[in-house]
Amino acid sequence: MNAPTDTPKLHDCRDAFVETLEALAAEDETIVAVVNDSVGSSKLGGFRDKFPDRLVNVGIAEQNMVGVGAGLANGGMIPFVTGAAPFLTGRALEQIKADVAYSETNVKLVGISSGLAYGNLGATHHSIEDFAWIRALPNIVVVAPADRIETAAAVAWAAEYEGGVFLRLSRVGVPDLLPEGHVFVPGKANSLRDGSDVTLIANGVLSHRALAAAALLDTKGISARVLNMATVRPTDADAIISAANETGAIVTCEEHTIFGGLGSAVAEVVVQNAPVPMTVLGVPGEFAPTGSANFLLDHYGMSPEGIAASAEALITRKS
Amino acid sequence: MKPFTPDELRAKANQIRRRDLQAVFEAGAGHIGGEMSVTDILTALYFNVLRVAPQNPLDPNRDRLVLSKGHTACVLYVTLAERGFIPKEEITTFLQPMSRLNGHPNRTKVPGVETNTGPLGHGLPVAVGMAKAAKISGADWKTYVVTGDGEMQEGSNWEAIMAAAQFGLDNLTLIIDHNRLQQGARLADTNNLAPIAPRLEAFGWEAVEIDGHNMDEILAALSHEGRTPGKPRGIVAHTNKGHGISFMSDNVAWHHKVPNAEQYAQAMAELEEAAQ
């Protein structure tokens, strides 16, 4: 992809996650981390060294990991159950359903290296179904932060919130998008740029790409609104309906299959409230080929140029 | 509540069996076989062992009981009602539309239920988390979990068994209701886990085997006196599916079969006779 001209510094959101978690754990002795051997890839080595009694490593056993998280919550702890997103969500989905969602336990599920982050390790390691799987469950707030600032804010919010949360984090570097001191509000989208001809809705590692696409569209005289929609459930229906009514066209961009993710969540609101043309960008119905995460996002039409082209084509369908 | 004596427990268990039988008969559904096999264990727990208070079901220092074999929810409801967690008359709503007493227990609706079970292999991992929470916080409350024996075919249980030993959870007790029958066949003809106790020991647990219908043996096994420090305890409770009702006992047909009027009358008569 073409980087923005001023080449901003990129950050790994895992760093913001562990820094925030360690700071919270220093203040609250009920905060624990539960891992499936993945201390290193979750970057929880520092947490383990500072709070050895509160790092619960169940070994390579994701079903048990989520069940143990629910039990820790029952016993008064605030567990951050952290593991590679594909295995945390796919392997332990029934535990997430029964022990977390249905039992309404105060469990924080943290999916690391989500989406296409594992890139060329292949489709077994891609987590591009997790929005759909977890969004189908009641009682779990699904959040994909866009940068280190939103990650830190979402982690702080999750620790305070009484209930189930799925935090979907990447390891792919992203620039800062939100202002320092940003306060995370679940179910509330943030406008990264206003516009009147089309709205680009994205989250996670796609938000900065959508913003870059809006800059490209601007050079062609197209005014694009950009919404960073970290929360996939509950969705920000007000922001979506306003976008539909005020810009008349919506492009969604996600590091996820186009079946059941952010685009689907937006479309559910659009078709029932303010039907306008939409394009849903994401991974089509296939397992992704070999390539880095950034290569694959470009490959699937989600470079800034690709997103801009989709928006330009969509606008011609406006009534 | 003053802990019941073994004689009082035997009488209470008989009463619970009769109420459970009636509820399943009236609802026209239930899992009568596994309910009769686990009744003595649940009765001992709720009327002698567990430090719980119906008036304060979420007391942070309560002992925890997880019924992982959630399909035997009806006998848990009856036991909770007898113990004062829910009104006794509410048992008549079992499985009725909009009743909170559905076929598997729900912690958000029924006080005394700790976690929602139903899919097998869920209760033990959650119980391990509970026991670990008590260890982390230095609390002395205890965790008990009851599974079926067929349920031990679920791999998630063995993940939890490994973790419990690794964590040294001597505040955790697993009671396996070893009635030798699963839904469609005998355990031995399906995926035989027996003998179970040596398997638990091989995974670093302290294992004991008891007659799961003998109150004195149940109480001795559940006691925390004389346990091995640092080891979780596994109790292999040898039971009979359909225990206490002659034509159901150890009969694979009675996993979730419902008695007809004639069978119901005979079953109730046998239980009433045993109560004398």
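What counts as what
- Residues numbered from 1 in each chain as written.
- Chains lettered and ligands numbered in written order.
- Predicted model: local features only at pLDDT ≥ 70, side-chain atom pairs only at ≥ 80, totals over all residues.
- Heavy atoms only, no water.
- Helix = DSSP H or I, 4+ residues; strand = E, 2+ residues; numbered from the N terminus.
- Rg over C-alpha atoms; globule rule 2.2 N^0.38 Å.
- Buried < 20%, exposed > 50% of the residue type's maximum accessible area, 1.4 Å probe, protein only.
- Contact = heavy atoms within 4.5 Å.
- Areas by Shrake-Rupley, 256 points an atom, 1.4 Å probe, with all protein chains shown as cover.
- Lys, Arg positive; Asp, Glu negative; His and termini not counted.
- Charge placed at Lys NZ, Arg CZ, Asp CG, Glu CD.
- UniProt positions renumbered as here; feature names shortened; annotations may be inferred.
- Expected span 1.5 Å × (residues − 1).
- Buried area = accessible area lost by both parts, 1.4 Å probe.
- Salt bridge = Lys/Arg side-chain N within 4 Å of Asp/Glu carboxyl O.
- Polar contact = N/O pair within 3.5 Å; in protein donor to acceptor, adjacent residues only side chain to side chain.
- Pairing = 2+ DSSP bridges.
- Right-handed = clockwise from strand over helix to strand, strands pointing away.
- Phe/Tyr/Trp six-rings, centres within 6.5 Å; stacked < 30°, edge-to-face > 60°.
- Lys NZ or Arg CZ within 6 Å of the ring centre and 35° of its normal.
- Domains from an automatic or database assignment.

### Considerations on the overall build of chain B
Moving on, step 1. A tally of regular secondary structure across chain B gives eight helices and five strands.
Moving on, step 2. N-terminal to C-terminal, the α/β element order of chain B is α-α-β-α-α-β-α-β-α-β-α-β-α.
Moving on, step 3. For chain B, whose C-alpha radius of gyration is 17 Å, the value lies close to the compact-globule estimate of 19 Å for 276 residues.
Moving on, step 4. On the principal axes, the C-alpha backbone points of chain B span a range of 50 × 45 × 35 Å.
Moving on, step 5. Residues classed as buried in chain B amount to 56% of the 276 residues present.
Moving on, step 6. A fraction of 76% describes how many contacts in chain B between residues 6 or more apart in sequence connect residues 24 or more apart.
Moving on, step 7. Accessible area for chain B stands at about 10300 Å²; split by element, carbon and sulfur atoms hold 50% of it.
Moving on, step 8. Positive and negative side-chain charges of chain B, numbering 26 and 32 respectively, have mean locations separated by a distance of 5 Å.

### Remarks on the UniProt feature "domain: Transketolase N-terminal" (unreviewed entry) in chain B
Moving on, step 1. Those residues carrying the UniProt feature "domain: Transketolase N-terminal" (unreviewed entry) are residues 12-255 of chain B in this numbering.
Moving on, step 2. For residues 12-255 of chain B, the end-to-end C-alpha separation is 23 Å, with 36% helix and 12% strand making up the annotated structure.

### A short note on helix α3 (residues 62-74) of chain A
All names here are of chain A.
Moving on, step 1. Its 13 residues place the ends of α3 19 Å apart at the C-alpha level, agreeing with the 18 Å of an ideal helix rising 1.5 Å per residue.
Moving on, step 2. For α3, the tally of buried residues reaches 12 of 13 residues, placing the bulk of the element in the interior.
Moving on, step 3. Every buried residue of α3 is accounted for by Glu-62, Asn-64, Met-65, Val-66, Gly-67, Val-68, Gly-69, Ala-70, Gly-71, Leu-72, Ala-73 and Asn-74.
Moving on, step 4. Directly after α3, the chain includes Gly-76, whose backbone phi takes a positive value near 95°.

### A word on the interface of chain A and chain B
Moving on, step 1. Contacts between the two partners involve 25 residues from chain A, matched on the other side by 27 residues from chain B.
Moving on, step 2. Between chain A and chain B lies a buried interface of about 2000 Å² when both sides are counted; carbon and sulfur atoms form 55% of it.
Moving on, step 3. Summed over the three residues of chain A that lose the most area to chain B, namely Asn64(A), Asn74(A) and Tyr102(A), the buried surface amounts to 27% of that side.
Moving on, step 4. Across the chain A-chain B interface, the total number found is zero salt bridges.
Moving on, step 5. At the junction of chain A with chain B, the criterion picks out 12 residue pairs in polar contact (both at pLDDT 80 or more).
Moving on, step 6. Listing elements by their share of the side of chain A that touches chain B, those giving two or more residues are β2 (55-57), α3 and α5 (93-102) of chain A.
Moving on, step 7. No other element matches α3(A), which puts nine residues into the side of chain A that touches chain B.

### Here we look at the side chain of Thr247(A)
Residues and elements named next belong to chain A.
Moving on, step 1. Locating Thr-247 in the fold gives a position in helix α9 (residues 237-247).
Moving on, step 2. Here Thr-247 falls in the buried class, since its relative accessible area comes to 2%.
Moving on, step 3. Within polar-contact distance, the side chain of Thr-247 engages the side chain of Thr-199 at 2.8 Å.
Moving on, step 4. There is a polar contact of 2.6 Å between the side chain of Thr-247 and the backbone oxygen of Ala-243.
Moving on, step 5. Ignoring any residue separated from it by four or fewer positions in sequence, one finds Thr-247 in contact with Gly-195, Ser-196, Asp-197, Val-198, Thr-199, Arg-225, Ser-242 and Lys-318.

### Considering the pairing of strand β11 (residues 250-257) of chain A
All names here are of chain A.
Moving on, step 1. With eight of eight residues buried, β11 is to be regarded as a mostly interior element.
Moving on, step 2. Where β11 lies against strand β12 (residues 278-283), five bridges are found, and the strand directions are parallel. For Ile-250, the partnering residue across the bridge sits in β12 and is Met-278.
Moving on, step 3. Taking the sense of rotation as the criterion, the β-α-β connection linking β11, helix α10 (residues 262-273) and β12 turns out right-handed.

### What about the packing of aromatic side chains?
Moving on, step 1. For the structure shown, the criterion picks out nine aromatic pairs over all chains.
Moving on, step 2. Considering the side-chain rings of Phe47(A) and Phe51(A), the 5.1 Å spacing of their centres and the 55° angle between planes classify their relative orientation as tilted.
Moving on, step 3. Taken together through their ring pairs, the aromatic side chains of Trp157(A), Tyr161(A) and Phe184(A) make up a single cluster.
Moving on, step 4. In this structure, Arg168(A) packs its charged tip against the face of Phe131(A), placed 4.1 Å from the ring centre.
Moving on, step 5. The ring of Phe167(B) has Lys132(B) lying over it, and the distance from NZ or CZ to the ring centre is 4.6 Å.

### Some thoughts on the domain arrangement of chain A
Residue and element names in this part refer to chain A.
Moving on, step 1. Taken domain by domain, chain A holds domain 1 (13-168) and domain 2 (190-315).
Moving on, step 2. Computed from C-alpha atoms alone, the centre-to-centre distance between domain 1 and domain 2 is 26 Å.
Moving on, step 3. Counting from both sides, the interface comprises 27 residues of domain 1 and, opposite them, 30 residues of domain 2.
Moving on, step 4. Three residues stand out in domain 1 for area buried against domain 2, namely Leu-116, Ile-128 and Arg-135, and they jointly supply 34% of the buried area on that side.
Moving on, step 5. At the boundary of domain 1 and domain 2, one finds one salt bridge.
Moving on, step 6. The residue Glu-268 makes a salt bridge to Arg-135 at a minimum N-O spacing of 2.9 Å.

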